[in-house]
Structure formats: C-alpha cells, structure tokens
Amino acid sequence: SGTICAKQAKFFFDALGMEGDFNASSGWLTRFKQRHGIPKAAGKGTKLKGDETAASEFCGNFQEFVERENLQPEQIYGADQTGLFWKCLPSRTLALETEQTTSGYRSSRERIIIMCCANATGLHKLNLCVVGKAKKPRAFKGADLSNLPVTYFSQKSAWIEHSVFRQWFEKYFVPQVQKHLKSKGLLEKAVLLLDFPPAHPHEELLSSDDGRIVVKYLPPNVTSLIQPMSQGVLATVKRYYRAGLLQKYMDEGIDPKMFWKNLTVLDAIYEVSRAWNMVKSSTITKAWRKLFPGSEENSGMNIDEGAILAANLATVLQNTEDCEHADIENIDQWFESPSNDSSCQVLTDSEGAEDQAKPAEQKLSTKTRKTELNPEKHISHKVALEWTENLLDYLEQQDDMLLSDKLVLRRLRTIIRRKQKIQNNKSH
C-alpha cells in the first residue's frame, strides 16, 4: 500500500543519514530499490520463488562459457553476503530474561555483514569479508586491521556498497586468486560468479588489469536456486559460528548478562573466521551441483551436517546446569533462524561503550598491579585475566602472529573466566 511504501522510504531515507520530513511515491521507492540493489521483501509468511526458467537458461550459458574459456573448477569462484547476528543464543533453551529487562540491552539485534568467497573445488577459501558500521570498533583497541583473520571494511549502510566491493575485488580477490592459481601451475585466469548486479558495479568495472579475471552475474530471482554460496554454504558457516558461540558460553559457565558483556565484535570475528575454516571442501563442491549437474559425485552421501551438529549440542546442553530442557528441535530452529530481519542494527561506534565505563574498583592501580606481578605472590584469576587480555591486545598489533596462536590464547581466556566464576560462587 501507499502507507507501507512511505514508511519504507522513510527508513531508507534515515539510513542515508538525511534529515527532514520525507514523503515518497511508490515509483520513487521502486527506482530507489533498483539503484541500490534492495530486493523486494516478501510478505509475512510467504516464501520467495525463484525463476526456474531463467536459472536453467543461465546454467546452460554458463557451462558454455566455461568450456569456451577452458576453465577448470579451480578457476571458478563464487561469492555472496549475508547478515550475521553476532550475539545470539537459543533463548528458549537459556534463561535470557535480561534481554527484555536490562536497559539498553540489544544483544540479539546487533549484526555484521559477512561475505564468503571460494572456488568450485572448495580448496581455495578467501578470508571472510566482514563489514560493520564502525571504522574501528572500540573492541579492536590497538589492533592493526591488517592482522585480523578477516578482511574488514566499514560503511554506514547495511549492504556492501559499490566502492567497498570494488576495493575488495581489486585489492584482495584478484591478487589472492592469481597467487593461488600460480601455485597450482594454472593459467592466472578465473571467473567470479555474483548475484544480480544492482548491488555491485557493472561487469565491465570488475576485471583484472590483464582482463583474465572477470565477473559473471546471475540473472534476477535465481539466488535461491543456483547461487552456490546460498546452497548450504552460508548456512553452514552460521551453524558452526552459533555452535562455537554456544560452546564458549557453556565453557565460561557464566550468566547470559555477563557473557554478553564480555563478548565483543572482535570475539565474533574470530569465531566466524573459525567457523568459515571449518566448512569442508565437500560442502562447497556440492553447492555447485546445480550449475554443473554432470559433476555430481557420491550423490547418495548427502549427510546433513547441521542436523548432526544440532543433535550433538542438544546432548551436551542436556547435561549442562540450567540447560536440561534443551532439545534438538530448539537447537535446529536456532541454527535456521533468519538473518535478514530489517529491524536489526549493524555494529555502531558505540559498541563496547559499557566496557569503557567500568567501576573504578575493577581497575587495578599501578602499585597494586606491580605487587600482583611479583612471582612470589599468589596470582588471582582477575589478574591472570587482565594479563591474558593485554597479551591478546599485543598479538593483534603484531603482523607475524598465526591465527592458531590467537585462538589458543582466546581459549585460555575462556578457561580463566570459568575459574573466576567458580571461585566467585564459592565465596558466596
């Protein structure tokens, strides 16, 4: 209706940071969405249908292109983006009453954008591209962005804009693909398959200097049918991320409110990077079946990794205090919960502000810190945790540290937090 269109237009108008009253016609809103690659939203309870005719035609044309250019699966790439609620636990399983009662508590509404990119063999997975609103969130502290396990960008809107995507393509995608293909003894020639172009620059603007690495766009309304990253890859990343987040929550053994307070977007970046690394090459290969039907192998071995992961987590939860009522259905629904809610908020510059306002009694004075650092003195969990945090900050500033080293230290931090929680419970 006209009223709904006006509300939508006002939302986009505000998202652009523009002020003042604004009333838009239906035609203006339609053209606005087309220019910025904003898909038409389905009504509540409806499911968008793909254009099967367009998908079938594209598959035939794409296969002809691959044969004509003599491209191997190693030279064919796909990329797609999705929103990720980086603070998310299964609310029906855990006691998260604080989400509704605590002032300013927005954990389930905070979102970042991630983009996965890999070739058809699944053997070359580029680092995740992560987009947030803040240029440098407070949680990053003194970290060098180039040392993160992901490629991080910032922008005000909730979609990856033309300029950001082009920068990613030219500075990260092309060089990494050239390096990979060279290591395999293949011609440095490749194609990147992307969604319908309004959200990205035109094909002519996306190619390597020598023109050997190019982009091909899928036609409109076929993403759910043949876009490789949407055939289970993005969903698997989210499953592994949420499984890791839940495991972290159980390992730390603290209440949800404290868990959210400790969890930062930097933690989320490491967790989602770990999740992407866990996605098997076979999962990615299967995702290309609809584009290359003849390449199917072991078609009978179609094990649902997500279902297995949900069952394992439910079993663990049932043996965890306060989580005895967890069931597989709840965990599986949590895995499948949508990430495209228009009400979510992308990471803002205020993230981590609560950490900046810690009570004075929580901060050790210089004199006290020097005493605690004396090897002959007993080292408290509180001080051990502070040392660990400082060491993590140090590692983020170094450009020669391995991701595995950082993950080990983060695991140690989780153990120390749990020990501190147990000690606090005993003292009470």
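Along each chain, residue indices are assigned from 1 in the same order as the chain's sequence is written. Per-residue local features of the predicted model are confined to residues with pLDDT of at least 70, and side-chain atom pairs are confined, for both listing and counting, to 80 or more; whole-chain, interface and lining totals are unaffected and use all residues. To obtain the side-chain values, all non-hydrogen atoms of the structure were included, while hydrogens and water were left out.

Visitor: For this particular structure, what's the right way to read the pattern of salt bridges?
Guide: When the charged atoms of two side chains lie near each other, side chains of opposite charge can form a pair. Salt bridge, as used here, is a side-chain nitrogen of Lys or Arg placed within 4 Å of a carboxyl oxygen of Asp or Glu. Overall, the coordinates contain 13 salt bridges when judged by the stated rule. Linking E170 and R166 is a salt bridge whose minimum nitrogen-to-oxygen distance equals 3.0 Å. Of this pair, E170 and R166 both sit in helix α5 (residues 162–183), four residues apart, which is roughly one turn of the helix. Here D251 ties to R411 by a salt bridge, and the two come within 2.4 Å at their closest N and O atoms. With D251 in helix α7 (residues 233–252) and R411 in helix α16 (residues 403–427), this residue pair connects regions lying 160 residues apart in the sequence. A cluster of three or more residues bridged by salt bridges with shared partners is formed by K248, E252, D267, E389, E396, K406, R410, R413 and R417. The way it works is that DSSP assigns letters per residue, a run of H or I at least four long becomes a helix, a run of E at least two long becomes a strand, and they are numbered from the N terminus.

Visitor: How do you make sense of the environment of D400 when you look at a structure like this?
Guide: On the secondary structure map, D400 appears in the loop between α15 (381–397) and α16. We call a residue buried when its accessible area falls under 20% of the maximum for its residue type, exposed when it is over 50%, and partly exposed in between, using a 1.4 Å probe and counting protein chains only. A residue is classified by how much of its surface remains accessible, and D400, at 58% relative accessible area, is exposed.

Visitor: What should I look at first to understand the state of the cysteines in this one?
Guide: Covalent bonding between the sulfur atoms of two cysteines defines a disulfide. Here, two cysteine sulfur atoms that lie within 2.5 Å of each other are counted as a disulfide. Counted under the stated rule, the structure contains zero disulfides. The structure places no disulfide on C117, whose sulfur is separated from the nearest cysteine sulfur, that of C116, by 8.9 Å. Relative accessible area serves as the criterion here: at 1%, C117 is assigned to the buried category.

Visitor: Is there a simple way to explain the packing of α7 against α16 in this structure?
Guide: For any two helices packed against each other, one specifies the inter-axial angle together with the distance between the axes. Contact geometry of α7 with α16 gives a least axis separation of 7 Å together with a crossing angle of 40°. Taken together, the axes of α7 and α16 lie oblique to each other. Between α7 and α16, the contacting residues are K248, M250, D251 and E252 on the first element and R411, R413, T414, R417, R418 and K421 on the second. Three classes are used, and their members are as follows: Ala, Val, Leu, Ile, Met, Phe, Trp, Tyr, Cys and Pro are nonpolar, Asp, Glu, Lys and Arg are charged, and the others, Gly among them, are polar. Across the contact of α7 with α16, the residue classes tally to one nonpolar, one polar and eight charged. Axis definition: a line fitted to C-alpha atoms, over the contacting stretch in the case of helices. Angles run 0 to 180 degrees between N-to-C directions. If an angle is under 35 degrees, it is roughly parallel; if it is over 145, roughly antiparallel; if it lies from 65 to 115, roughly perpendicular; otherwise it is oblique. Only heavy atoms matter for contacts: two residues are in contact if any of them lie within 4.5 Å across the pair.

Visitor: Looking at this model, I keep getting lost on the packing of helix α9 (residues 265–278) against α16. Mind explaining?
Guide: Contact geometry of α9 with α16 gives a least axis separation of 12 Å together with a crossing angle of 120°. What the angle tells us is that α9 and α16 run oblique. Crossing angle aside, the handedness with which α9 passes α16 is left-handed. Across the interface between the two elements, L266, D267, Y270, S273 and N277 of α9 pack against L403, K406, L407, R410 and R413 of α16. Split by residue class, the contact of α9 with α16 holds four nonpolar, two polar and four charged. We call a crossing left-handed when the near helix sits turned anticlockwise from the far one by less than a right angle, and right-handed when that turn is clockwise.

Visitor: Even after reading the chapter, I still don't get α16, so can you show me in this structure?
Guide: Note: α-helices contain 3.6 residues per turn, so residues at a spacing of three or four share the same orientation. The length a helix should cover is 1.5 Å for every residue beyond the first. The end-to-end C-alpha distance of α16, which contains 25 residues, comes to 37 Å, matching closely the 36 Å that a straight helix rising 1.5 Å per residue would cover. The inward-facing, buried residues of α16 contact α7, α8 (256–262), α9 and α15.

Visitor: I'm lost on the side chain of N147 in this one. Help?
Guide: Structurally, the position occupied by N147 is in the loop between β3 (129–132) and β4 (151–154). By the criterion applied in these results, polar contacts are pairs of N or O atoms within 3.5 Å in which, for protein atoms, one can donate a hydrogen and the other can accept it, and in which residues neighboring in sequence qualify only through two side-chain atoms. Of note is the side chain of N147, whose polar atom sits 2.8 Å from the backbone oxygen of Q398.

Visitor: Is there a simple way to explain a nonpolar patch on the surface in this structure?
Guide: Each patch groups residues whose relative accessible area exceeds 30% and which form no salt bridge, using 9 Å between like charges and 5 Å between nonpolar side chains of Val, Leu, Ile, Met, Phe, Trp and Tyr. The method behind every accessible area is Shrake-Rupley, applied with a 1.4 Å probe, and residues are considered shielded solely by the protein chains displayed. On the surface, V408, L412 and I415 cluster together into a nonpolar patch covering about 240 Å² of accessible area. By the secondary structure assignment, V408 is in helix α16.

Visitor: Would you mind going over the confidence of the model for the protein chain with me for this structure?
Guide: The predicted coordinates should not be examined in detail at positions where pLDDT is low. Mean pLDDT over the protein chain: 74, with 62% of residues reaching 70 or higher. Confidence of the prediction at every residue is given by pLDDT, a number between 0 and 100. Per-residue pLDDT stays below 50 along residues 39–48; that stretch engages in two contacts with residues further than four places along the chain or on separate chains. The model gives residues 339–373 a pLDDT under 50, and that stretch makes 67 contacts with residues more than four places away or in other chains.

Visitor: What am I meant to see in the packing of aromatic side chains here?
Guide: Aromatic rings in a pair are described by how distant their centres are and how their planes are angled relative to each other. Stacked, edge-to-face and tilted are the three classes for Phe, Tyr and Trp ring pairs, Trp counted by its six-membered ring, which pair at centre distances within 6.5 Å; planes under 30 degrees apart are stacked, over 60 edge-to-face, the rest tilted. Enumeration over the complete set of coordinates arrives at 10 aromatic pairs. With centroids separated by 5.4 Å and ring planes inclined at 45°, the aromatic side chains of F165 and W168 adopt a geometry described as tilted. With F165 and W168 both in helix α5, this residue pair falls three residues apart, about one helical turn. Of the aromatic side chains, those joined through ring pairs into one cluster are Y77, F165, W168, F169 and F173. Geometrically, a charge over a ring is one whose NZ (Lys) or CZ (Arg) sits within 6 Å of the ring centre while staying within 35 degrees of the ring normal. For K125, the ring lying beneath its charged end belongs to W276, and the centroid distance is 5.0 Å. Sitting over the ring of F65, K216 keeps its end group 4.6 Å from the ring centre.

Visitor: Just checking my understanding: could you explain the nonpolar core for this structure?
Guide: Note that soluble globular proteins tend to have their nonpolar side chains buried in a common cluster. Core analysis: the largest hydrophobic core is formed by 59 residues, its most contacted members being F62, I76, I226, W276 and L291. The element that contributes the greatest number of residues to this core is α7, accounting for nine residues. If we skip the residues at most four places from it in the chain, I76 touches F62, V66, L71, A118, N119, A120, V191, W288 and F292. If you look at the next biggest cluster of nonpolar residues, it comprises 25 residues, including Y77, V131, A190 and L206. Remark: nonpolar core denotes a set of buried residues (Ala, Val, Leu, Ile, Met, Phe, Trp, Tyr, Cys) joined through side-chain atoms within 4.5 Å.

Visitor: What is the right way to read unusual backbone geometry from this model?
Guide: What is expected of a backbone is that most residues other than glycine have negative phi and most peptide bonds are trans. Its identity is not glycine, yet N70 carries a phi of approximately 55°, on the positive side. You can see N70 is positioned in the loop between α3 (52–68) and β1 (76–85). On the accessibility criterion, N70 (57% relative accessible area) is exposed. Look at N221: it is not a glycine, yet its phi comes out positive at around 65°. By relative accessible area, N221 is classed as exposed at 56%.

Visitor: Just to check I follow, could you spell out the side chain of T414 for this structure?
Guide: In this structure, T414 sits in helix α16. Judged by relative accessible area, which is 5%, T414 ranks as buried. Filtering out sequence-adjacent residues up to four positions away, T414 remains in contact with K248, D251 and E252.

Visitor: Teacher, can you tell me more about the pairing of β1 here?
Guide: The side chains of a regular strand alternate between both faces of the sheet. Counting buried positions over the 10 residues of β1 gives 10, a clear majority of the element. Along β1, one buried face is formed by I76, G78, D80, T82 and L84 and the opposite face, lined by Y77, A79, Q81, G83 and F85, is buried too. We treat two strands as partners when DSSP finds at least two bridges between them. Here β1 runs beside strand β5 (residues 190–194); their pairing, made up of three bridges, is parallel. What sits directly across from G78, in β5, is L193. Relative to strand β2 (residues 110–119), β1 runs antiparallel, the two being bridged by nine bridges. Bridge assignment links L84 to a residue of β2, and that residue is I112.

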